[in-house]
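The primary structure of each chain is shown beneath.
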Amino acid sequence: HWTETGGSGSFAQPIAANSLVYWSDWKGVLHATNPATGVDTWSVNVGITTEPSGVTCARKFVGPIGTPVAAMSGSTPVLYVPGGNGVMYALNASTGAQLWSTSLGPSPNTILWSSPALYNGSLYVGVAHYEDCLGQIQGHLDELDASTGTITHTFFTVPPAPGCSGGGGVWSSPAVDPADNSVYISTGDPGTCSGAGVYAPAIVKLSATDLSLVSSWVVPTSEQSAGDADFGGTPTLFTATIGGTQRSLVGAIDKDGVFFALDRTDLSAGPVWQSTIATPSTNAATGSIISAAWDGNRLYVAGGVATTTVNGKSCNGSSNGTIDALNPSNGAFVWRTCESSQMYGGITAVPGVVVEGTLGKTVQFLNAATGATLYSYVAASMIEGECTVSNGVVYIPESNGDLVALGQ
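This structure is a prediction, so every number in the text was calculated from the model and none was measured. (Residues numbered from 1 in each chain as written. Predicted model: local features only at pLDDT ≥ 70, side-chain atom pairs only at ≥ 80, totals over all residues. Heavy atoms only, no water.)

Q: So, the layout of surface pockets: which residues are in play, and what are the values?
A: Taken as a whole, the second largest pocket encloses approximately 230 Å³ of empty space. Around the second largest pocket, the lining residues are Val350, Phe365, Leu374, Tyr375, Val389, Gly392, Val394, Leu406, Gly407 and Gln408. Those elements giving two or more residues to the lining of the second largest pocket turn out to be strand E33 (373-378) and strand E36 (403-407). Considered class by class, the residues forming the lining of the second largest pocket number 7 nonpolar, 3 polar and no charged. (1 Å grid on protein atoms, 1.4 Å probe; cavity = no way out; pocket = protein on both sides within 12 Å on 5 of 7 lines; lining within 4 Å. Points joined across faces, edges and corners; volume = space filled by probe spheres on them. Helix = DSSP H or I, 4+ residues; strand = E, 2+ residues; numbered from the N terminus. Nonpolar A, V, L, I, M, F, W, Y, C, P; charged D, E, K, R; others polar.)

Q: Can you tell me about the sheet that holds strand E11 (residues 98-103), naming the residues and giving the values?
A: Backbone hydrogen bonds are what pair the strands of a sheet, in a parallel or an antiparallel way. Taken in spatial order, the 4 strands make up an open sheet running E8-E9-E10-E11, and their pairing is antiparallel. In this open sheet, the two strands that pair with only one neighbour each are strand E8 (69-73) and E11. Ignoring which end each strand starts from, the neighbouring axes of this sheet average 20 degrees apart. Looking at chain direction, strand E10 (residues 87-92) and E11 are connected through 5 bridges and run antiparallel. Counterpart to Met88 in the pairing with E11 is Thr102. (Pairing = 2+ DSSP bridges. Axes fitted to C-alpha atoms, helices over the stretch in contact; angles between N-to-C directions.)

Q: Explain unusual backbone geometry residue by residue, including any values.
A: Note that the residue after Ser107, namely Pro108, is joined by a cis bond; omega there is 10 degrees. That bond from Ala161 to Pro162 is cis: its omega, 10 degrees, falls within 30 degrees of zero. Looking at where Pro162 falls in the secondary structure, it is placed in the loop between strand E15 (151-156) and strand E16 (175-177). Here Asn181, not a glycine, exhibits a phi torsion of approximately 60 degrees, which is positive. Within the element layout of this structure, Asn181 appears in the loop between E16 and strand E17 (182-186). The residue Leu211 is not glycine, and still its phi comes out positive at about 60 degrees. As for its placement among the helices and strands, Leu211 is situated in the loop between strand E18 (202-207) and strand E19 (213-218). By relative accessible area, Leu211 is classed as buried at 3%. (Buried < 20%, exposed > 50% of the residue type's maximum accessible area, 1.4 Å probe, protein only.)

Q: I'd like to hear about the state of the cysteines, residue by residue, with values.
A: This model, assessed by the stated rule, comprises 2 disulfides. The residue that forms a disulfide with Cys57 is Cys133, at a sulfur-sulfur distance of 1.9 Å. A torsion of 85 degrees about the S-S bond marks the disulfide between Cys57 and Cys133 as right-handed. Of this pair, Cys57 sits in the loop between strand E6 (49-50) and strand E7 (61-62) while Cys133 sits in the loop between strand E13 (122-127) and strand E14 (140-145), and the two are 76 residues apart along the sequence. (Disulfide = S-S within 2.5 Å.)

Right, here's the structure in full:
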């Protein structure tokens, strides 16, 4: 339908609300775009972070990475936005006017790779470091009062210095379970930290009331990817019937290429099952940081490089990833597809269709029941963020900073 030009990259998933599409680019600009015309109704700068002088980082700069949350505060539509500068913003969703802003750590080494979750008047936001070139910070999850931006509670994933120099960044997004008032996070590598109080790399369950620890499971050392064990996939809540009993599970994929599924009532018991999706790697595109999707029937996952053969096609190359459907009861593959490229963004699932963008510029639309390719769209650049489907239109964030709208 249209392409709206941004600039210099786009990771955040676009969202549709208030008859607008909200999306951001790495010039630090948050756009509120008319979905009918592809023209911005308003835009506002929400910050970037640039590598300090004299330091060489993998990324010279980053803009907004996390996805905003749209909600109502009384009669005012509000957009809660993770900025590209380690600052959370609350904006009037109709005008872009700032309502409040809260820094979640010192710049330039505090980055909100995480998207916030809104629940019961609180925002839950993961905090991690910019790049390894600046060293790691003490990873944490912050709870903010959504009305004022005040930080009400913080959970640290590793102990403070001097015993621990940093680690356990929360760079995936939190997941809320209203059934028992809990918040789940997955955490990054532990850095130099070890011993008591180190919840990394791990899946952690916290009380939504005060972020007190409920339960946790740390990936065993023997299963950690050499040198850089990380959870980059957001915890996915799902249910499964196991041995005739329905169980509430939570799962996430690690850069070791394994999707771990745990019982929500006792994470410390360890995985109910685990399924190897991709090759273990310190490279996020080779292992996996891809958040899964759950449609009430199947789990949809994806990985970077899979050392396997799928439907007679070798996925043993340096860039052949897979998109897969898993049985939620045991992690067995229902179907697999061998893709020609690696992937970063989370999977989008709508009734009957699975949508996933690739680093090879292709957006794949797959039959959710069989994995058959329904349509492939070749974009102008890589797709690093998650696509959104709303009212029959697909919004695709391109790594050149543009937003594309597709539909019938």
